[in-house]
Amino acid sequence: MTITVSQHTPGQLRQTIRIHSHQINADLTQAAGGSDTGPDPHDLFDAAVATCKAMTLQLFAKRKNIPLDEVKVEISRDDSAESKGLYQLYATLELIGDLTTEQRQQLLAIADKCPIHKLVTHSEVQVHTSLKSESARFKAVSLCLSSHRNVI
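About the cut-offs
Residues numbered from 1 in each chain as written. Predicted model: local features only at pLDDT ≥ 70, side-chain atom pairs only at ≥ 80, totals over all residues. Heavy atoms only, no water. Core = buried A, V, L, I, M, F, W, Y, C linked by side-chain atoms within 4.5 Å. Buried < 20%, exposed > 50% of the residue type's maximum accessible area, 1.4 Å probe, protein only. Helix = DSSP H or I, 4+ residues; strand = E, 2+ residues; numbered from the N terminus. Contact = heavy atoms within 4.5 Å. pLDDT = per-residue confidence, 0-100. Polar contact = N/O pair within 3.5 Å; in protein donor to acceptor, adjacent residues only side chain to side chain. Pairing = 2+ DSSP bridges. Axes fitted to C-alpha atoms, helices over the stretch in contact; angles between N-to-C directions.

Undergrad: Which parts of the structure should I look at to understand the nonpolar core?
TA: Generally speaking, nonpolar side chains in soluble globular proteins are found buried as a group. One finds A54, L57, F60, A61, I66, L68, V71, L95, L99, L107, I110 and A111 forming the largest nonpolar core, which totals twelve residues. For this core, the secondary structure elements donating two or more residues are helix 1 (41-63), strand 4 (68-78) and helix 2 (101-111). Ranked by the residues each element gives to this core, the list is headed by helix 1, at four residues. For L107, the contacting residues outside a window of four places in its chain are L57, F60, A61, I66, L68, L95 and L99.

Undergrad: It is not clear to me how the confidence of the model for the protein chain should be interpreted in this structure. Could you clarify?
TA: Caution applies to low-pLDDT regions: their predicted coordinates should not be interpreted in detail. Averaged over all residues, the pLDDT of the protein chain equals 91, while 88% of them reach at least 70. In the predicted structure, residues 144-149 sits below a pLDDT of 50 and forms zero contacts with residues beyond four places in sequence or in another chain.

Undergrad: Could you clarify how one ought to interpret the side chain of N25 in this entry?
TA: Along the chain, N25 turns up in strand 3 (residues 22-26). Since its relative accessible area comes to 19%, N25 is described here as buried. Within the structure, N25 has its side chain in polar contact with the side chain of T16 (distance 3.4 Å). Among all residues touching N25, those that are not within four sequence positions of it are H8, R14, Q15, T16, T37, G38 and P39.

Undergrad: Is there a simple way to think about the sheet that holds strand 3 in this case?
TA: Adjacent strands of a sheet form backbone hydrogen bonds with each other and so pair up, either parallel or antiparallel. Strands sit in the order 1-2-3 across an open sheet of three strands; the sheet is antiparallel. Strands at the two margins of the open sheet, each flanked by one partner only, are strand 1 (3-7) and strand 3. Between one strand axis and the next, the sheet turns by 25° as a mean value, whatever way the strands run. Relative to strand 2 (residues 15-19), strand 1 runs antiparallel, the two sharing five bridges. In the sheet register, T4 faces strand 2, and the bridge partner there is R18.

Below you can see the structure in the form of structure tokens.
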């Protein structure tokens, strides 16, 4: 799977993110130099953790016939020590449904087993960055030009 990110408007920080057939925008706050037209990258990261927890609980409850009607996750962060290697997220769950205390505790434990939580807490994540080759860029420009010729 490939996610593409491209500048939305020249001269601005706003980015367009394309994932499969979906499109979302990201930006920075005005105080950080952006236009505040979308969540910033930290917000997207935090949202991925919260979303994964909610979905994991819904799937687990369905599989185990636990009467969970709805999950709400509030996530907040303390990034005051991020430059020292500490980024803390605090997830608060609201479990809605006719649940016993035991079921609530079981769901609380399952929330920390969501794939994204495990990814960021139990895996070494490596990011490899490279430049796109000039020939690939030239090929993309050529394809673009040839498709415009067909329109004209």
